[in-house]
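# Survey of secondary and tertiary structure
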Amino acid sequence: MAKLGLRRYLGVVEIAGSNPVAPILIKKEKMNHSEPKEIGIGLIGLGTVGSGVVKTLQARASSIARETGVKLVLRRVCVRSLNKKRAVKVPKNILTARPETVIDDPQVEILIELAGGIHPAKEWIEKAFALKKHVVTANKALLAEKGKSVYLAARVHRRRLGFEASVCGGIPILRAIREGLASDNVTHFLGIVNGTCNYILTEMSQKGLSFSKSLSEAQQKGYAEANPALDVDGVDSAHKLAVLSRLAFQAEVDFKKIYVEGIRRITAADIVYAKELGYVIKLLVIGKKKEKGLELRVHPTLLPLDHPLSSVRGVYNAVYVHGDHTGDLLFYGRGAGMMPTASAVMSDVIEIAQDMTKGLDAMRSSWGNEPSAMKILPIGDLVSKYYLRFQVKDKPGVLGSIAKILGDNKISILSVHQKDSLGSRSVPVVILTYEAKESDIRRALQKIDSSPDTQEKTQLIRVEALI
Ligand code: NDP
Ligand code: HSE
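Right, let's walk through the structure included here. Each residue is numbered by its place in its chain's sequence as written, counting from 1. Chains carry letters and ligands carry numbers; both start at the beginning, A for chains and 1 for ligands, and go up in the order they are written. Since the coordinates come from a predicted model, pLDDT governs what is reported: local features require at least 70, and pairs of side-chain atoms require 80 or more to be given and counted, while whole-chain, interface and lining totals use all residues. Hydrogens and water molecules were not included; the side-chain quantities draw on all heavy atoms of the structure.

## As for the site of ligand 1
Note on terminology: near, applied to a residue and a molecule or strand, indicates that one of the residue's heavy atoms is within 4 Å of it. Surveying the vicinity of ligand 1 reveals 24 residues, the closest of which are Ser81, Lys84, Arg86, Glu225 and Gly337. Definition of a polar contact: a pair of N or O atoms within 3.5 Å, with one able to donate and the other able to accept a hydrogen when the atoms are protein atoms, and with sequence-neighbouring residues admitted only if both atoms are side-chain atoms. In the environment of ligand 1, an oxygen atom lies 2.8 Å from a nitrogen or oxygen atom belonging to the backbone of Leu46. Separating an oxygen atom of ligand 1 from a backbone N or O atom of Ser81 is a distance of 2.7 Å. Relative to its unbound accessible surface of 900 Å², ligand 1 loses 87% to contact with the protein. Here the residues of the shell around ligand 1 are counted per class, giving ten nonpolar, nine polar and five charged. Values of accessible area rely on a 1.4 Å probe in the Shrake-Rupley scheme; residue burial ignores everything except the protein chains shown. Each residue gets one of three labels, nonpolar for Ala, Val, Leu, Ile, Met, Phe, Trp, Tyr, Cys and Pro, charged for Asp, Glu, Lys and Arg, and polar for the others, Gly among them.

Structure representation (structure tokens):
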């Protein structure tokens, strides 16, 4: 079998109308036993994800070569500090603190950018394209905020840009939308796309841990961004929403117009009250194609306990996508961390490297057609159900005046729950509303919050039922 020229049988198929028990043998092309082609890799960033990539290259380069015909050779690695202790060993002679040493090296054919941040990552990547190198990155901040310029540079220089790792760590969600749903019209999606926030909310809900303790655990596990405010303030989720929307809706998204709220204001009490009402609180990204434009928002959301996304816990992410032909699809997996994210990076590297060996690398576009700019609808236009938690003085007439203000603003009440004051002179009152317009809710809350009976800013959490 080892000799050149031998053919191998690949499998069996049935042909419609043929005898199903009589399989047809399919002959495979002549097996190619030529040496695998070497492709030079340059890496900027040897932190959580970069270390995972190096581990994979060190452990699996031979099996990748055997299976794909490409031998990935790590030529250069750039870090900020040469003296730092590393999770992986890298030969000293390929380690540098100068990004240009990696980008300019003629032996580097694919640049992997895993340093993060917008500048100077943008400049490195655009320079790499100009030098006719392909690029793979996990940098959703860059793609969301300066993507237009980066995608254009790739197009102008006919180079490939792989960014599967930028959304949902190890879940191949971008490839699934781009390729698997190529003929579908995606009408909406909702997802849990930030592992750090989902980890924090899960720990707070299941173990009663504090926000700060849960965040520091997420940081230790390598889930959080270098600046964890990006996670907890919802910005990282919004970055991913922008990348997802570009592919799902073929929309050029003005990042600044996405509505963003993080999880800092979610209290342990909100988590408990939501549970009593049959809900769980999750930080969701929501994208919906409406007649007048796109609804793109990131915020904590009450989901019914039996919603499929409600059981997504810890660092796990999940995205629910609705295509007009496929219907509902659910993607689930680890959304952050060293090896799941490295796996997504490697999937792009291998795809590009294989195309290079076939001379297809400049031809296959990895970002789809040039999307058109689409209007993003203002949050005031949203129609939703709401969870409102008021902290008010415990005295007669207060509840009546809240109900009146809500009614005056066309907001209909679904249920009212007065909680234990726990000895304090003010009480929490939780109201669930029927569907109302957000601008009406905001007008009502402005009035209620300015009343001397209201002791703190009212908590507003949107309720989502759609799957
Ligand atoms: P880390 O902070 O762990 O690592 C960043 C690495 O980049 C470090 O090795 C750092 O060097 C190096 N670096 C930073 N700035 C420079 C610079 N100016 N010049 C040279 N080297 C530099 O980040 P992560 O690995 O967590 O994240 C990398 C990217 O992947 C980010 O874009 C992030 O958003 C994205 N991502 C991260 C995921 C995760 O789970 N962590 C998941 C999905 C995407 P030094 O070590 O010397 O400081
Ligand atoms: N900080 C991000 C998260 C990393 O927690 O999801 C993955 O993109």
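Now that the structure has been shown, the text picks up again.
## Considering the site of ligand 2
Around ligand 2, 13 residues are found, and the nearest of them are Lys140, Thr196, Tyr223, Glu225 and Asp231. In this structure, Tyr223 approaches ligand 2 through a main-chain N or O atom, which is 2.7 Å from a nitrogen atom. The contact in question runs from a nitrogen atom of ligand 2 to an N or O atom on the side chain of Asp231, over 2.7 Å. With the chains in place, 94% of the 250 Å² that ligand 2 exposes on its own is no longer accessible. Strands are runs of DSSP state E lasting at least two residues, helices are runs of H or I lasting at least four, and both sets are numbered from the N terminus onward. Those elements giving two or more residues to the shell around ligand 2 turn out to be α6 (195-206) and α9 (235-248). Along the lines of polarity and charge, the residues of the shell around ligand 2 split into four nonpolar, four polar and five charged.

## Quick look at the sheet that holds strand β4 (residues 70-78)
Two strands qualify as a pair provided that DSSP identifies no fewer than 2 bridges between them. Spatial ordering of the open sheet is given by β5-β4-β3-β6-β7-β8, a layout of six strands whose pairing is parallel. On the outer flanks of this sheet lie β5 (95-96) and β8 (161-162), each paired with one strand and no other. Across eight bridges, strand β3 (residues 37-44) lies against β4 in parallel orientation. Opposite Gly40, over in β4, you have Val73 as the bridge partner.

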